[in-house]
Each structure stands twice: as structure tokens, then as C-alpha cells.
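So you can see what is in the structure, the chains are spelled out below.
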Amino acid sequence: MKELKYDPLNIVICGIGGQGNVLASEVLGSTMNDLGFRVSIGETYGASQRGGSVMSHVRVSASYELGVLIPEGEAHFIIGFEPLETLRIARHYAGPETRVIYDPRPVYPQGVLRGAQVYPDMDALRAEIRSLSASAREIPAADIALRCGDARAANIALLGAFSRLPGTPLDSGDLSAVLSQRFRGAVLEMNEKVFAQGCEAMDAEGGAQ
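Residues numbered from 1 in each chain as written. Predicted model: local features only at pLDDT ≥ 70, side-chain atom pairs only at ≥ 80, totals over all residues. Heavy atoms only, no water.

Asker: Got a minute to help me understand the packing of helix α6 (residues 154-163) against helix α8 (residues 185-204) in this structure?
Answerer: Helix packing geometry: the angle between the two helix axes and the distance between the axes. Remark: α6 packs on α8, axes separated minimally by 7 Å, with the N-to-C direction vectors making an angle of 45 degrees. Classified by the angle between their axes, α6 and α8 sit oblique to one another. Remark: the crossing between α6 and α8 carries right-handed chirality. Every residue of α8 that contacts α6 at Ile156, Ala157, Leu159, Gly160, Ala161 and Ser163 is listed here: Asn191, Val194, Phe195, Gly198, Cys199 and Met202. Classifying every residue of the contact of α6 with α8 gives eight nonpolar, four polar and no charged. (Axes fitted to C-alpha atoms, helices over the stretch in contact; angles between N-to-C directions. Helix = DSSP H or I, 4+ residues; strand = E, 2+ residues; numbered from the N terminus. Parallel < 35°, antiparallel > 145°, perpendicular 65-115°, else oblique. Left-handed = near helix turned anticlockwise from the far one by under 90°. Contact = heavy atoms within 4.5 Å. Nonpolar A, V, L, I, M, F, W, Y, C, P; charged D, E, K, R; others polar.)

Take a look at the structure:
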């Protein structure tokens, strides 16, 4: 079994309904389980069918049975599918050692689209995410997935990026093996391409830092 830098290892995955948050947590949990770790997954849903907030807690240990909820301020990694949702989670769960990766592409709520609300300034949003974490990397996951043929695969791009972060107890091959169990044919090929480009995007961002 590989060693955990943190035990328990706490990972929060966040986004809005329809972005593949739940699939990402299942793939990540299955990968950790295949590596021999004990895994607990807890999920919370807002009005997910209407684009509400969705959050998954993935907790990993070499030996402990864990509760499903991560205590506030104790996330080691935050994987965000949308920048405002990433900030909301970082405000509650980020700590001095938290590493954040997120897609900087906004998904505007209906209130913003109707003109009743204002989406936060992106520069200020980015700055606050950085201030709350040890590091924050922007990965254009939706753009990667769209180039590869399916924007819904942005979650796979972010998992690829996550596999390149220091402190994770897995590598790209571990996650690729689980993808091959879940997908077949052209869908597998597309997801593998998205995954590889997510890895490359993290390397370009300086993922080894």
C-alpha cells in the first residue's frame, strides 16, 4: 500500500448540479479503495437539478473507519468545478496546508442571467481563493473536455490534474485503471484523452510545486 502524507486524507469536491461532481467522487473513491485504503464518501446537494450546489467529502485512511464529514478548516485538497463554488467551500474547509485546483470558468446562476444579481469580480474571487489556501491552480477543465468532444467530461480533466498534485497517494496510472473499468469504446478513448490533457494542464501550471 502507498503511504498517505495525511491520515486521514480529506478531499472536498464541489460544483453545481450537472457537472459530474458525484461521478468524480465515485471514481476517486474507487481508486483509493483499489489501492487498499479505507474510504468514506459523504455528499450534500442543494437544488442540484436546478443548478444548485453539490459537494462531496472524500476521506481516506490507511487504517481508520472515518465519519463522512470533513471538519471545517481540515481539507487537504479542494477540487472545484466552478470558481464561486470553490470560494464558498474554501471559506469553510480550507486551512494553511490546503491545495486547491479549480476550473476558473464561471457558471452564472439564473439570478445573474436575469440581471437580479451580480457575479463576483473574478480577480477578487481568484485572490481570495489564493489567500485561503497553500496553493491554488486554475485548470480549464471545461475547455479541455469541449475540445475533446464532450464538455461533461470536465470532471475527468480535473481528476487528471489532481493526480499530478504533490501529496496525493496515487498517480495517473491508478486513476486511468479505474476509468477503463467504468467506460468502454469511444467513450473510454475520449475520457482518457481528457484525463491526459488534465494532467498536462497541471504540469503546465507547475503541479510539482
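Now that the structure has been shown, we can carry on.
Asker: Is there a simple way to explain the packing of aromatic side chains in this structure?
Answerer: In this description, an aromatic ring pair is defined by two values, namely the gap between the centres and the angle between the planes. The full count for this structure, using the stated rule, is two aromatic pairs. Taken together, a centroid distance of 5.2 Å and an interplanar angle of 85 degrees make the contact between Phe77 and Phe162 edge-to-face. Here the residue Phe77 occupies a position in strand β4 (residues 77-80), and Phe162 occupies one in helix α6, the gap between them amounting to 85 residues. Note on accessibility: Phe77 and Phe162 belong to one class, buried. Pairing Tyr108 with Tyr119 gives two aromatic rings, centres 5.1 Å apart and planes at 85 degrees, and the pair type is edge-to-face. (Phe/Tyr/Trp six-rings, centres within 6.5 Å; stacked < 30°, edge-to-face > 60°. Buried < 20%, exposed > 50% of the residue type's maximum accessible area, 1.4 Å probe, protein only.)

Asker: What exactly am I supposed to notice about the pattern of salt bridges here?
Answerer: Two side chains of opposite charge can pair, provided their charged atoms sit close to one another. Using the criterion set out here, one finds eleven salt bridges in the structure. In this structure, Asp174 and Lys2 form a salt bridge, with 2.5 Å as the shortest nitrogen-oxygen distance. Separated by 172 residues along the polypeptide, Asp174 in helix α7 (residues 172-182) and Lys2 in the segment before β1 (9-16) bring together distant segments of the chain. Exposure remark for Lys2: the relative accessible area of 33% places this residue in the partly exposed category. (Salt bridge = Lys/Arg side-chain N within 4 Å of Asp/Glu carboxyl O.)

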